[in-house]
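Spelled out from the first residue to the last, the chains are:
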Amino acid sequence: MGVFFRRKAYDELVRWKKEYADQYAVLLEGARRVGKSTIAEHFARKEYRSYILIDFATVSDDIRGCFDSIGNIDLFFLRLQAVTGITLYEHESVIIFDEVQLFPRARQAIKFLVKDGRYHYIEIGSLISIRKNVQNILIPSEEMKITVYPMDYEEFLLATGKGGYHLIRRLYKTGAAVGQKINIELMRTFRLYMAVGGMPQAVEAYLDGKNFSQIDIVKRNIIRLYEDDFRKLDPSGRVSAMYHAIPAQLSRDFRQYRVNRAVKEKRRSKKADELLCELLDSKTVNICYHVTDPGVSLLLTEDLDSYKLYIGDTGLFFTLMFMDRLAVENEIYSKLLSDHLPANLGYFYENAVAQIIVAAGRVPYYHTWEKKGSTHYYEVDFLISQGSRVTGIEVKSSGIGKHESLSAFKKQYRQHCKEVYVISQKDVGDKDGIKYLPVYMLPCLLEDQEISGSGIST
C-alpha cells in the first residue's frame, strides 16, 4: 500500500459506509495514479475488522476460480477465505475488487453479493474504459460511484504541511484584501501546487526532497503510462495525439478544441468523436462545453460540437508544455515559482481553474459571441450555474487589465448574471461591478455557491 494522504474521497467512503453500503457497492473511478487503490485499502484497514483485496491485474487462477462458485454464494465465500487465508466477519468486513474492468464477471456478481448482505464491496476502475469489457454482462444497479481526482489544493496543503486551507477560507469570508505580502506568499504556494501537481507520486517525491527535475521524471512516467493505455484504446496513436495537443491548442487561444489539428485529419469524423469519448472515459482530461445562450440555461444550450479540453492535473500540464525536452530543468520550475516565466501563461492558469471547478463537483462551461460590426468576438472563460443564475469567470495569469468580455456579458445577461469575477494572482478587489479574486480563493467561491456537495452518484 502506498503512502496515504488525507483525501476527500475517504470522507465520501465514510459516508457511503454509514448511509448506503448495505444497499450499494461503491465504484471508485478515476485516472491511473490518482490514488484510488491506496485510498480504498487504507479505508478498509481503518474502518473494518478485516478485508480482502483482489487485484485483477495480478490475481491468481485460484481466486479467479472462486467465481465459478458464485451461484452457490456460501461456497464462494468459503473458497475465497480459504484461498486468501483471511477471515471475513459478517457486517464487519469489506471486499475490494481492484482493476475490476479486467474481470467483468466480478462486477456482474455485485448484484448478488450486495443482495446477500453479509459484507460490503468496493470496486476500483482505471483508465481502460470499463465499458469495453461489459458488453455481455448485466451492469449492477446496486452500485454507487465516487470519482477520485488528483489532489486538490486543500489536499496538497495538508500533505505538504503548508498550512490549513481553513485560513484562506477565513480570509475569503472577510471580503477584504489580504494585503500584498500575504498574497505574494499565498500565490507562491499555489504556484508550487501548479508545478508539482496533485498526482500522489509527484507529491511524495516532493516530500522526499527530490528536486524539480526528478519530480518531472515522475510526472513523465505517469504520462508514458497514460500513453501506453491510450495505445490499447487506439493503436493508431490518435487518442494520445489528442491528449498531447491540449496545451498547444489552449496556448493558441482557439475558440474550441480542433480534433482535426490534433489527429491530422481534414475534417471531423465519427471515429474522431468516438476517440474523444475514449479520452473522456480515461478521466485524464476535463471538458468544458460551449453554451449558445447563457440567458436560457447552461445545460439546455450546451453545444456538444464545440468544447475545450484541459489536462486533468495541472502538474502534468506543465510537464506536457515542455515534453519536447528530455526533462524540465530546475531553472524552469524556479522561474514558475517566482512568476518569471517569459511567456504569457494565461492558458496554464486557465487549466488550473478548470481543474478546481471539476474537483469541486461542478460542470464548467464557456461562452463566446461575435462583436457587432467586427470580426472579433467576446469570450467568457468559464460559466458556473447556481439555480437560474450564472457566474462569469475570466482568468488572467498576471495583470488584471481590461475586461471587455466580462463587462459585455454582465450587460447582455444582467437578468441572469449573478456576478462576474476576474481570477488571477492579484489580491481581492471590486471595481466597476467586476470582482477580483486570487486563484487560491476560487474553491471558496465555489463552496459559497454550492447547492449540494455530495460527490457520490448512482
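See the structure printed just above.
A short tour of the structure in this document, coming up. None of the values given here were measured: they were computed from a predicted structure.

Topic: the state of the cysteines
Evaluation of the coordinates by the stated rule reveals 0 disulfides. Counting only cysteine sulfurs, Cys288 is the nearest neighbor of Cys417, a cysteine outside any disulfide, at a range of 16 Å. Of the residues examined, Cys417 reaches a relative accessible area of 6% and is grouped as buried.

Some words on the environment of Tyr440
On the secondary structure map, Tyr440 appears in the loop between strand S13 (434-438) and helix H19 (442-449). Taking the C-alpha atoms as reference points, Tyr440 and Tyr413, separated by 27 residues in sequence, lie 27 Å from one another. Setting aside residues up to four positions removed in sequence, Tyr440 forms contacts with Tyr153, Tyr165, Ile168, Val178, Asn183, Leu186, Met187 and Phe190. Separated by 2.6 Å, the side chains of Tyr440 and Asn183 make a polar contact.

Section: the pattern of salt bridges
For the structure shown, the criterion picks out 28 salt bridges. Two residues, Arg255 and Glu370, come together in a salt bridge whose shortest N-O distance is 2.9 Å. In this pair, Arg255 sits in the loop between helix H12 (246-251) and helix H13 (259-263) while Glu370 sits in strand S8 (residues 365-370), placing the two residues 115 residues apart along the sequence. Its salt-bridge partner being Glu331, residue Lys335 comes within 3.6 Å of it at the nearest N-O pair. Of the two residues, Lys335 and Glu331 are both situated in helix H16 (residues 330-337); the distance of 4 residues between them amounts to about one turn of the helix. The exposed category is assigned to Glu331, whose relative accessible area is 53%. Each of Lys8, Asp152, Glu154, Arg169 and Glu447 takes part in one network of salt bridges that share partners.

Topic: the packing of aromatic side chains
Following the criterion strictly, the structure yields 32 aromatic pairs and no others. Residues Tyr153 and Tyr193 carry aromatic rings whose centres are separated by 5.5 Å and whose planes lie at 50 degrees to one another, so their mutual orientation is tilted. In this pair, Tyr153 sits in helix H6 (residues 153-160) while Tyr193 sits in helix H8 (residues 180-196), placing the two residues 40 residues apart along the sequence. Judged on exposure class, the residue Tyr153 and its partner Tyr193 are both buried. The interplanar angle of 40 degrees and the centroid separation of 5.7 Å between the aromatic rings of Tyr310 and Phe382 together place this pair among those described as tilted. Remark: Phe382 occurs in strand S9 (residues 377-386) and Tyr310 occurs in strand S7 (residues 302-311); sequence separation between them is 72 residues. Its relative accessible area of 0% is what places Phe382 among the buried residues. Taken together, the aromatic side chains of Phe56, Phe67, Phe76, Phe77, Phe97, Phe103, Tyr119 and Tyr121 make up a single cluster linked through ring pairs. Seen from the ring of Tyr89, Arg49 lies directly overhead, with NZ or CZ sitting 3.6 Å from the centre.

A few points about the sheet that holds strand S6 (residues 285-291)
Pairing in this open sheet of 8 strands is mixed, and the strands run S7-S6-S8-S9-S10-S11-S13-S12 from one edge to the other. A single partner strand is all that each edge strand has here, and the edge strands are S7 and strand S12 (429-431). On average, each strand axis in the sheet is tilted by 35 degrees relative to the strand beside it, whichever way the strands run. The sheet contact formed by strand S10 (residues 389-395) and strand S11 (residues 417-424) spans 6 bridges and is parallel. Note that in S11 the partner of Ile393 across the bridge is Tyr421. Helix H17 (residues 346-359) rests against S6, S7, S9, S10 and S11 of the sheet, and its axis sits at about 20 degrees to S9.

The rules behind the values
Residues numbered from 1 in each chain as written. Predicted model: local features only at pLDDT ≥ 70, side-chain atom pairs only at ≥ 80, totals over all residues. Heavy atoms only, no water. Disulfide = S-S within 2.5 Å. Buried < 20%, exposed > 50% of the residue type's maximum accessible area, 1.4 Å probe, protein only. Helix = DSSP H or I, 4+ residues; strand = E, 2+ residues; numbered from the N terminus. Contact = heavy atoms within 4.5 Å. Polar contact = N/O pair within 3.5 Å; in protein donor to acceptor, adjacent residues only side chain to side chain. Salt bridge = Lys/Arg side-chain N within 4 Å of Asp/Glu carboxyl O. Phe/Tyr/Trp six-rings, centres within 6.5 Å; stacked < 30°, edge-to-face > 60°. Lys NZ or Arg CZ within 6 Å of the ring centre and 35° of its normal. Pairing = 2+ DSSP bridges. Axes fitted to C-alpha atoms, helices over the stretch in contact; angles between N-to-C directions.

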